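Coordinate analysis (summary)
Here are the chains, one letter per residue:
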Amino acid sequence: MNNCFVTGEPGAKGDAGIQGPKGEPGVLGLKGHTGPTGPSGQHGKVGEKGMKGNRGEAGSPGETGPIGPPGTCSCVSQSVGNPGSQGCIVCFGMLCHAAVMLGIGSVSPSDGSVTPSSLPSDNLAGYSLLVRHSQTMIVPQCPNGLRQLYSGYSLLFTQGYGMASGQDLGQTGSCVPRFTTTPFFACTRDDCDSMSRTGQHSYWLGVYNVDRARDNLLLLSRCSVCESASAILTVHSQRNTVPDCPEGYSSLWTGFSFYMNSGVTWRGTGQDLSSPGSCLEKFVSVPFVECHNRGRCKRHVSNRAFWLAAVDSSQMASTVSSGSMQRVSRCRVCSRY
């Protein structure tokens with residue numbers, strides 16, 4: 001039997017089917033174009049104050065200033081004349097200080113210059129200056145009520161580049177108001193810096209019973225500059241007994257006859273035996289300390305001190321034998337009364 005199909009009319013639209021499952025994510029799109037720049041924001045608030053910064057390095061030395069004009073001075077004529085106009089005292093450092101302390105001048109508060117006072121011109125007639133060294137950390141008193149002008153530290157001598165320069169311990173130059181291990185510096189014609197701390201040593205009278213200390217000042221003798229209205233005389237006995245003052249003189253102090261000294265390079269200086277600085281009140285075989293440019297002071301083994309020897313009258317033609325303190329000459333410093 002043959003099947004026969006007859007095409008009919010299209011049927012009516014069917015009902016909507018059930019929603020299908022969610023599809024897979026699509027492929028990532030391309031990066032979009034950069035958008036336009038937005039408007040500027042408002043200013044922020046002021047931040048808190050920062051911490052203090054470290055101190056900057058020291059600046060380089062300034063240039064040397066020009067040389068000032070020469071000063072003028074007033075002089076005292078040998079002949080008596082009419083009073084002249086008031087002049088000025090030309091002086092430097094401790095000389096100015098001494099002039100003021102002696103009452104022959106005053107310091108201007110504006111520029112520090114020294115001008116003479118109205119005292120008579122013979123103000124210094126008959127006056128003597130001497131220095132007393134305590135060989136301790138205590139500033140010594142001037143003996144017999146003498147007037148103290150100022151105090152300081154006991155400078156003995158300095159050494160640099162194989163050269164030595166010494167101070168008379170009886171003169172004011174041996175009593176400096178400030179201490180430093182290198183109280184000087186060297187200059188060439190063109191430079192004062194590159195050489196200033198090389199090969200320099202200074203030597204100071206020491207505290208008689210201290211050899212080492214962490215603080216340099218604990219090693220240094222103190223001193224006083226004193227004014228006397230009469231002549232000063234130093235007497236050495238060349239014996240181990242203290243000599244007497246001559247008639248008409250009174251005693252200021254007694255001591256041991258210090259003669260000369262040498263430093264690290266065997267160069268040194270000596271004391272004038274007519275000076276009160278040659279009569280040290282305390283005996284130490286090496287009475288001074290050495291300070292070097294590295295900032296330390298000590299009694300160095302290579303340093304030498306030389307003392308005037310006690311000489312027996314029966315052995316005056318022979319060589320003085322070595323020995324202890326008993327072989328050191330004694331001395332006395334006297335003042336005219």
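First, a word on what this report is: a plain description of the structure on this page. Everything numeric in this text was worked out from a predicted model, so none of it was measured.

Within the secondary structure, Asp215 is located in the loop between strand E7 (200–205) and strand E8 (222–228). A distance of 3.0 Å separates a polar atom in the side chain of Asp215 from the backbone nitrogen of Leu217.

Take the packing of aromatic side chains next. Applying the stated criterion across every chain, the model contains eight aromatic pairs. On the basis of an interplanar angle of 75° and a centroid distance of 6.0 Å, the ring pair of Tyr203 and Phe288 is categorised as edge-to-face. Pair noted here: Tyr203 is in strand E7 and Phe288 is in strand E13 (residues 288–292), with a separation of 85 residues, a long-range link. As far as the burial class goes, Tyr203 and Phe288 line up, both buried. Here Phe283 and Trp307 contribute two aromatic rings whose centre-to-centre distance is 4.8 Å and whose plane-to-plane angle is 55°, an arrangement assigned as tilted.

This structure, assessed with the given rule, holds five disulfides. Between the sulfur of Cys142 and that of Cys226 lies a disulfide, 2.1 Å long from S to S. The disulfide joining Cys142 to Cys226 has a torsion of about -90° about its S-S bond and is therefore left-handed. Residue Cys142 is located in the loop between strand E3 (128–133) and strand E4 (147–160), and its partner Cys226 is located in strand E8; the two are separated by 84 residues in the primary sequence. Like Cys226, Cys142 is buried. Across the disulfide, Cys279 is cross-linked to Cys331 (sulfur-sulfur distance 2.1 Å). Taking the torsion about the sulfur-sulfur bond, which here is approximately 100°, the covalent link between Cys279 and Cys331 counts as right-handed. With Cys279 in strand E12 (residues 279–280) and Cys331 in strand E16 (residues 330–336), the pair connects residues that are 52 residues apart, well separated along the chain. Each of the two residues, Cys279 as well as Cys331, counts as buried.

Although it is not a glycine, Gln135 sits at a positive phi angle of roughly 55°. In this model, Gln238 sits at a positive phi of 55°, which is unusual for a non-glycine residue. Looking at where Gln238 falls in the secondary structure, it is placed in the loop between strand E9 (232–236) and strand E10 (249–262). On the accessibility criterion, Gln238 (38% relative accessible area) is partly exposed.

Below, the discussion takes up a nonpolar patch on the surface. Taken together, the side chains of Tyr259, Met260 and Phe306 define a hydrophobic patch exposed on the protein surface, amounting to about 240 Å² of accessible area. Here Tyr259 falls in the partly exposed class, since its relative accessible area comes to 36%.

Scoring rules and cut-offs
- Residues numbered from 1 in each chain as written.
- Predicted model: local features only at pLDDT ≥ 70, side-chain atom pairs only at ≥ 80, totals over all residues.
- Heavy atoms only, no water.
- Helix = DSSP H or I, 4+ residues; strand = E, 2+ residues; numbered from the N terminus.
- Polar contact = N/O pair within 3.5 Å; in protein donor to acceptor, adjacent residues only side chain to side chain.
- Phe/Tyr/Trp six-rings, centres within 6.5 Å; stacked < 30°, edge-to-face > 60°.
- Buried < 20%, exposed > 50% of the residue type's maximum accessible area, 1.4 Å probe, protein only.
- Disulfide = S-S within 2.5 Å.
- Patch = residues over 30% accessible without salt bridge, like charges linked within 9 Å, V, L, I, M, F, W, Y side chains within 5 Å.
- Areas by Shrake-Rupley, 256 points an atom, 1.4 Å probe, with all protein chains shown as cover.
- Salt bridge = Lys/Arg side-chain N within 4 Å of Asp/Glu carboxyl O.

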